[in-house]
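Observations on the model geometry
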Amino acid sequence: MGLTVNVRAPAATDKQFFGHPAGLFVLFFTEMWERFSFYGMRVLLVLYMTDHLIVKAREGQYVFGFGGLQSALEGVFGPLAIQPMASQIYGLYTGLVYFTPFFGGILADRILGQRKTVFVGGILMAIGHFLMAIESLFLLALLFLILGNGCFKPNISTQVGGLYPAGDPRRDSAYTIFYMGVNLGALFSPLVCGTLGQKLGWHYGFAAAGVGMVIGLIIYYWGQKYLGVDEFKTRHANAAARAADHKPLTKKEWTAIGGLVALCTLNIVFWAVYEQQGNTLQLFADRNVDWHLFGWEMPSTWFQMFNPLFIFLFGPLLIALWKSQGTKQMSSVAKMSVGCILLGLSFLILMWLSKDMGEATRITFMWLIPSTMIYTLGELYLSPIGLSLVTKVAPARLVSMLMGMWFLSSFFGNYLSGYIGTYYEVMSKNSFFTLLMALGVGAGLAIFALQKPLKKAIGHGL
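The rules behind these values
Every residue gets a number counted from 1 within its own chain, in the order that chain's sequence is written. Owing to the predicted nature of the model, reporting of local features is limited to residues with pLDDT of at least 70; listing and counting of side-chain atom pairs is limited to 80 or more, with chain, interface and lining totals taken over all residues. Just so you know, side-chain values use all the structure's heavy atoms and leave hydrogens and water out. Here a strand is any run of E in DSSP of at least two residues, a helix any run of H or I of at least four, and the numbering for each starts at the N terminus. The length a helix should cover is 1.5 Å for every residue beyond the first. Across the chain, bend at a residue is computed as the angle between axes fitted to the seven residues ending at that point and the seven starting from it. Exposure classes here rest on a 1.4 Å probe applied to the protein chains alone. A residue is buried below 20% of its type maximum, exposed above 50%, and partly exposed in between. Aromatic contacts are taken between Phe, Tyr and Trp rings whose centres are within 6.5 Å, Trp giving its six-membered ring; a plane angle under 30 degrees counts as stacked, one over 60 as edge-to-face, and the others as tilted. Counted as over-ring charges are cases with an Arg CZ or a Lys NZ within 6 Å of the ring centre that also lie within 35 degrees of the ring normal.

**What to know about helix α1 (residues 22–58)**
The terminal C-alpha atoms of α1, which comprises 37 residues, lie 51 Å apart, in line with the 54 Å expected from a rise of 1.5 Å per residue. Remark: the principal bend of α1, roughly 60°, maps to methionine 49. Extensive coverage of α1 is indicated by the burial of 31 of its 37 residues. Residue glycine 60 follows α1 closely and has a positive phi angle near 110°.

Quick look at the structure:
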């Protein structure tokens, strides 16, 4: 089968906008609204649990499944105060959100195809967001979101690669444009869902996230004609392709998969540190940051708006930089190494600020801007590059499953972020931020050290 994916000539319905197929922008806006819903809920999640839900549940208010979950976690980790308990649930949720795409990829590759699986995922997530407005069904709502994301996430991402013929040099730029759609949704979700949740009531914010998911599904349904033929249908309509699906993987294909597994493993630490922005960094922003601007106090959830804003500022600049460098630009693995190191270095500012910080000390929100700017650059050097790499080197018959495997590294990273977050109130803030810095830089140096063997294993496309 070779090591390229989604080999096809552009479909007759392919219109071009800004040098890319129209289908890219259908996927862009679909993902934008899905991420609006996801981050709109996430921006409120830890604050909702620490300030309201867990407090009420421990006072005797019924929340389906909470008692069993609390007993299970405390059976492993011992008694958990409210913040560590919230951090554990946050880590489990955000981790499982990236665990299920592996199985959603298999479902698409073998049974439903990418299109139908995306619809199933979107409907499940919409149900989950609306269930968040019912307090007693909080954990059931998280389950719907986890299952829905597993169907949606890998199959929307792989369709970007399917818009381009094999070897098309626009593919990396396409994934960076698509990634900007992710962050456009993340940019507006704190403004809408965060403000509604903190100013009017938690459930207004969660309901707004559900509306965003429904809008995304409508756009995806409307834009079907611009997406070409589903890879699943193409393979199953072709007798040779069906036969190839059942052939053993070649040595070259196994080598490519092995290289992707190695990168996924190294990717875990990046996400464990990066995802603190929705966990401990949101708590830090809420409790230790002054959000007054000209006498007006902004909601602390607006902190999570900085990251997607910088994605929009720096994304086009990096696209232009890499385009100007052509074949002289650094390899994909080297970019990922730089991404991890930048993530770690972003915590130097918080380390310095928190050196003599007391519990009641508040710093101006302006200090969070340079820190966020640096780890955003790190994200741009790692995340979209990884997505593009999977579609380049994965065998075509396994592309959705292997995209799911890429997200599986985020599962371990996100759960690890929740575990690390349990030390936030145990360690001094300076020590905690030093730990995050060391993890990020250490992971980057490890990726850099393995650059040559990984490049040899994966081959072209790096």
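**Describing the environment of serine 388**
Checked against the element boundaries, serine 388 lands in helix α16 (residues 368–393). Along the sequence, serine 388 and threonine 158 sit 230 residues apart, while their C-alpha atoms lie 8.9 Å from each other.

**Some thoughts on the packing of aromatic side chains**
Under the defined criterion, the tally for this structure stands at 30 aromatic pairs. Ring centres of tyrosine 48 and phenylalanine 206 lie 5.1 Å apart, and the angle between their planes is 75°; on these two criteria the pair is classed as edge-to-face. Here phenylalanine 206 lies in helix α8 (residues 202–222) and tyrosine 48 lies in helix α1, a separation of 158 residues in the sequence. By the burial criterion, tyrosine 48 is buried, and phenylalanine 206 matches it. Both rings, one in phenylalanine 119 and one in tyrosine 221, keep their centres 6.3 Å apart while their planes meet at 65°; by these two values the pair is edge-to-face. Of this pair, phenylalanine 119 sits in helix α5 (residues 114–131) while tyrosine 221 sits in helix α8, and the two are 102 residues apart along the sequence. What makes phenylalanine 119 partly exposed here is its relative accessible area of 23%. Through a chain of ring-to-ring contacts, the aromatic side chains of Phe99, Phe102, Phe103, Phe411 and Phe412 assemble into a single cluster. The ring of phenylalanine 38 has arginine 35 sitting right over it, with the charged end atom 4.2 Å from the ring centre.

Purely spatial values, then, with no claim about function.
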